[in-house]
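Close look at the chain arrangement
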Amino acid sequence: MDRTNLSNAVSDNLPEDLGFTTDTVNLGTAIYSFLFSLACLGGAVACKIVHPSRWIPLSMFCWGLVTMSHALIKDKGGYLAVRCMIAVTEGGVIPATLIYLGSFYRSTELATRLAWFWGVQTIASAVSGLMASGLLQLRGVSGLEGWKWLFLVDGIITVVVAILTWFYLPRNTTLTKGGIRGWKPWFDERQVRITVTRIVRDDPSKRLYEQRVHWADVKDTATDLGLWGHLIITAVGLTPTNPLNVYLPSVIKTFDFSVFAANALTAPPYILQCCTMVLCIWHSDRIRERGFHGAFGATWQLVGWILLRCLPSDTSKGVKYFAALLVACWPSTHPLNIAWMTENTGSIGKRTLASGCVIFAANIYGVWGSQIYRAKDAPDYHTGNIINIVFAATAVCLWFIQKSYYRYRNAKNERIRAKLSEAGRKRAEMAAEVEGNKSVLFRFTT
């Protein structure tokens, strides 16, 4: 809710109340995206030192306090300062969550779990819209604007949940008793062996899951072309979502809905997106295919943007809302892309850095994405939607390119393996865990 309530606040005249235009909102989004991205890189490394089960609730508590501080904003400077602080405090939690979940689930299970993780975020966005439709009506109570009440309530909820999370998250499957988890372990000794063995059999490198990052991992990460492909897919494919996330309630309001109805109407597309995303990625996990599923999601988004751009200005508000709903409920490919990257990474240190890098890419796009919808292009944003169409079409092509790249790597490794002697194959098996996805024995998921 704390990441999506800005769009609800903007629809309640936050810029006008603070004495600036939506261009300043775009500037704040760009700064937020840049700092959030940097915090992701640091957070991925820091959580390996502190451990995700501690880093996650600590980060939540800090950004909950910052969210509440939105109620103290008086002008442009205060607004930009608070957006900077919330970016720094929020940035490290998502890579920490990816690392944390990776220690519990196999590669054939992780994508679906990540889909649920981001799916719950879309549900939170829906809840935030419904809450906003009520909380924004508190404008004037205790001398506060409605959007300040929204930030205040969201922040209080976050702080409370953060405290509960500190006493709930287990370090791993072997340490589950204590706190509000109860004094009885979740698993008996046999079940603990199963939980550990199933993960290690799926990925032997996870035997060293507590291992910290080394400089060799940094070099290996920076030179991995496959990883760069995932980062580009992330930055390009998610760019059109930035203006939609920030301005969805405002866009719906231009369809001649009231500010309260506009915020309530953001709930259905977010709920639908949770359903489409989880179903698409669950099917991807089931048949162990990534590239075509990602291209399907990107194509869905492309069709939605084309429809939204081509509608005449005098189109009925019901049809316009349907077009906005179609765009907003696309099956987001972000968790699928992360899972695909994770299973094709190889080593734990490299995977840790890759988690930070991909969340960096998943937020740095806001630097340019925040400039797509400009004040002079309102209310139909024709130019902005053309830009969104270009990015969405490029994303479709990138998914096919990434799949082709991994097919090429598999074919190349297959040719090399066919020429290995018995002694050479044994040496390759011994070095496979260290070499990660550079090993000729490594098989990439396509």
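Bear in mind the structure is a predicted one, so any value in this text is a computation, not a measurement. (Residues numbered from 1 in each chain as written. Predicted model: local features only at pLDDT ≥ 70, side-chain atom pairs only at ≥ 80, totals over all residues. Heavy atoms only, no water.)

1. Describing the pattern of salt bridges
For the coordinates displayed, the defined rule picks out 13 salt bridges. When the shortest N-O distance is used, the salt bridge between Arg-106 and Glu-109 registers 3.2 Å. As a salt-bridge pair, Glu-414 and Arg-417 come within 2.4 Å of each other at their nearest N and O atoms. Pair noted here: Glu-414 and Arg-417 are both in helix α20 (residues 382-419), with a separation of three residues, about one helical turn. By relative accessible area, which is 42% here, Glu-414 ends up partly exposed. Relative accessible area serves as the criterion here: at 6%, Arg-417 is assigned to the buried category. (Salt bridge = Lys/Arg side-chain N within 4 Å of Asp/Glu carboxyl O. Helix = DSSP H or I, 4+ residues; strand = E, 2+ residues; numbered from the N terminus. Buried < 20%, exposed > 50% of the residue type's maximum accessible area, 1.4 Å probe, protein only.)

2. Points about helix α6 (residues 93-102)
Among the 10 residues in α6, 10 count as buried, and that is most of the element. Those residues of α6 lying buried are Val-93, Ile-94, Pro-95, Ala-96, Thr-97, Leu-98, Ile-99, Tyr-100, Leu-101 and Gly-102.

3. Remarks on the packing of aromatic side chains
Summed over the entire model, instances satisfying the criterion amount to 14 aromatic pairs. Geometrically, the ring pair formed by Phe-20 and Tyr-79 is tilted, given 5.3 Å between the ring centres and 45° between the ring planes. Here Tyr-79 lies in helix α5 (residues 76-90) and Phe-20 lies in the loop between α2 (14-18) and α3 (22-50), a separation of 59 residues in the sequence. For Tyr-79, a relative accessible area of 0% corresponds to the buried category. In textbook terms, an aromatic cluster arises when at least three aromatic residues are bridged by ring pairs, as seen for Trp-340, Trp-399, Tyr-405, Tyr-406, Phe-442 and Phe-444. Across from the ring centre of Trp-166, 4.2 Å away, lies the NZ or CZ of Arg-54, which sits over that ring. Geometry around Phe-292 places Lys-403 over its ring, the cationic atom sitting 4.6 Å from the centre. (Phe/Tyr/Trp six-rings, centres within 6.5 Å; stacked < 30°, edge-to-face > 60°. Lys NZ or Arg CZ within 6 Å of the ring centre and 35° of its normal.)

4. Topic: unusual backbone geometry
Positive phi is not limited to glycine here, since His-51 has a value of about 90°. If you trace the backbone, His-51 turns up in the loop between α3 and α4 (52-68). By relative accessible area, His-51 is classed as buried at 7%. With a phi close to 55°, Ser-142 is a non-glycine residue in the positive phi region. Positionally, Ser-142 belongs in the loop between α7 (107-135) and α8 (146-166).

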